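One-letter residues, chain by chain:
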Amino acid sequence: MFHNTFQSGLLSVLYSIGSKPLQIWDKQVKNGHIKRITDEEIQSLVLEIMGANVSTSFISCPIDPKKTLGIKLPYFVMVVKNMKKYFTFEVQILDDKGIKRRFRASNFQSSTRVKPFICTMPMRLDEGWNQIQFNLSDFVKRAYGTNYVETLRIQIHANCRIRRIYFADRLYTEDELPAEFKLYLPIRGSLSATQQQPQISLTTE
């Protein structure tokens with residue numbers, strides 16, 4: 001999808017306020033819903049993914065399962081709200097050995113497991129809005145001893161509210177981010193998202 005796009009800085013793949021936030025995403029929902037609502041805390045439109053089972057309600061990108069994102073930027077960032085329910089997401093990457101690897105982070109797992117094609121890890125979310133920063137290049141190196149080439153697919157499962165999902169060439173400080181990438185509380189005018197990094201401690205069971 002983005003193979004022929006010049007990639008530097010920030011590359012957004014979902015923005016909840018956009019006219020068609022799920023234009024490049026596929027939706028799967030069973031016993032739940034995926035809809036745009038107004039979040040009372042930030043008084044802004046957000047995308048809510050809710051489901052009785054995290055595995056059956058999700059969005060994935062790109063829509064066509066035969067296509068890949070082709071995003072080479074190494075930082076995957078999500079601005080999501082902790083709904084105090086089970087939540088998981090998955091990123092599929094290609095490494096320099098030509099192997100597809102998947103990284104799955106969830107808030108209901110207690111330990112990291114590294115298998116040949118998938119690494120699952122626990123994720124801790126604070127109350128309210130969180131900014132999840134995922135250094136794909138670092139994780140690939142630590143889990144598999146290989147180098148990150150590009151991101152192929154992403155899948156975001158229930159249960160969460162999403163403000164934005166983007167890729168970055170590096171970690172940006174709050175002052176460096178464009179205004180539309182920041183998350184402001186309407187009363188205080190201050191950023192309300194807590195920065196989080198999924199925990200990957202490579203002790204396999």
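Right above here is the structure, for reference.
These lines cover the structure that appears in this document, whether it is placed above or below. Bear in mind that the values here come from a model prediction, so they are computed numbers and not experimental data.

Comments concerning the overall build of the protein
- Regarding its fold elements, the protein presents one helix and 14 strands.
- Residues classed as buried in the protein amount to 52% of the 205 residues present.
- A fraction of 71% describes how many contacts in the protein between residues 6 or more apart in sequence connect residues 24 or more apart.
- On the protein, roughly 9900 Å² of surface is accessible, and the fraction owed to carbon and sulfur atoms is 49%.

Some thoughts on the sheet that holds strand 10 (residues 118–122)
- With mixed pairing, seven strands are arranged side by side in an open sheet as 2-5-12-7-8-10-9. Each of the sheet's edge strands pairs with one partner strand only, and the pair in question is strand 2 (26–28) and strand 9 (113–114).
- Summarising the sheet, strand 5 (residues 58–61) and strand 12 (residues 148–157) pair through four bridges and their orientation is antiparallel. Bridge pairing links S60 to Q155 in strand 12.
- Along the sheet face, helix 1 (residues 136–144) touches strand 7 (88–95), strand 8 (100–106), strand 9, strand 10 and strand 12 and points at about 105° away from the line of strand 8.

Brief notes about the pairing of strand 7
- Counting buried positions along strand 7 yields seven of eight residues, so the element is predominantly enclosed.
- As judged from the seven bridges shared by strand 7 and strand 8, these two strands associate in the antiparallel manner. Along strand 8, the bridge assignment pairs E90 with R104.
- A loop of four residues connects strand 7 with strand 8, the two strands running antiparallel in sequence, and G98 in this loop sits at a positive phi of about 75°.
- Summarising the sheet, strand 7 and strand 12 pair through seven bridges and their orientation is antiparallel. Across the sheet, residue F89 finds its bridge partner in strand 12, namely I156.

Describing unusual backbone geometry
- Going from C61 to P62, the amide bond is cis rather than trans, its omega being 0°.
- Along the chain, the position of P62 falls in the loop between strand 5 and strand 6 (75–82).
- Across the junction of A158 and N159, the peptide omega takes the value 5°, indicating a cis bond.
- Among the secondary structure elements, N159 is positioned in the loop between strand 12 and strand 13 (160–168).
- Within the chain, N31 stands out as a residue other than glycine whose phi angle is a positive 55°.
- Structurally, the position occupied by N31 is in the loop between strand 2 and strand 3 (32–39).
- Phi angles above zero are rare outside glycine, and Q43 is one such case at about 50°.
- Structurally, Q43 can be placed in the loop between strand 3 and strand 4 (44–51).
- Q43 gets classed as exposed once you look at its relative accessible area, which sits at 57%.

A look at empty space enclosed by the protein
- Under the criterion given, the structure shown has one cavity of 30 Å³ or more.
- Approximately 70 Å³ is the volume attributed to the largest cavity.
- Of all the elements in the fold, those that place two or more residues in the lining of the largest cavity are strand 11 (129–135) and strand 13.
- Across the lining of the largest cavity, the residue classes tally to seven nonpolar, two polar and one charged.

Let's talk about the layout of surface pockets
- Taken as a whole, the largest pocket spans an internal volume of roughly 160 Å³.
- If you go around the largest pocket, the residues you meet are S12, V13, L14, Y15, G18, S19, K20, P21, Q23, I24 and W25.
- Counted by class, the lining of the largest pocket contains six nonpolar, four polar and one charged residues.

So, the pattern of salt bridges
- Tallying each qualifying case throughout the model produces 14 salt bridges.
- D126 serves as the salt-bridge partner of R124, at 2.5 Å between the closest nitrogen and oxygen.
- Residue R124 is classed as exposed on the basis of its relative accessible area of 53%.
- With relative accessibility at 24%, the residue D126 sits in the partly exposed group.
- Residue E176 pairs with R170 through a salt bridge whose shortest N-O separation is 2.9 Å.

Here is what the cut-offs are and how they apply
- Residues numbered from 1 in each chain as written.
- Predicted model: local features only at pLDDT ≥ 70, side-chain atom pairs only at ≥ 80, totals over all residues.
- Heavy atoms only, no water.
- Helix = DSSP H or I, 4+ residues; strand = E, 2+ residues; numbered from the N terminus.
- Buried < 20%, exposed > 50% of the residue type's maximum accessible area, 1.4 Å probe, protein only.
- Contact = heavy atoms within 4.5 Å.
- Areas by Shrake-Rupley, 256 points an atom, 1.4 Å probe, with all protein chains shown as cover.
- Pairing = 2+ DSSP bridges.
- Axes fitted to C-alpha atoms, helices over the stretch in contact; angles between N-to-C directions.
- 1 Å grid on protein atoms, 1.4 Å probe; cavity = no way out; pocket = protein on both sides within 12 Å on 5 of 7 lines; lining within 4 Å.
- Points joined across faces, edges and corners; volume = space filled by probe spheres on them.
- Nonpolar A, V, L, I, M, F, W, Y, C, P; charged D, E, K, R; others polar.
- Salt bridge = Lys/Arg side-chain N within 4 Å of Asp/Glu carboxyl O.

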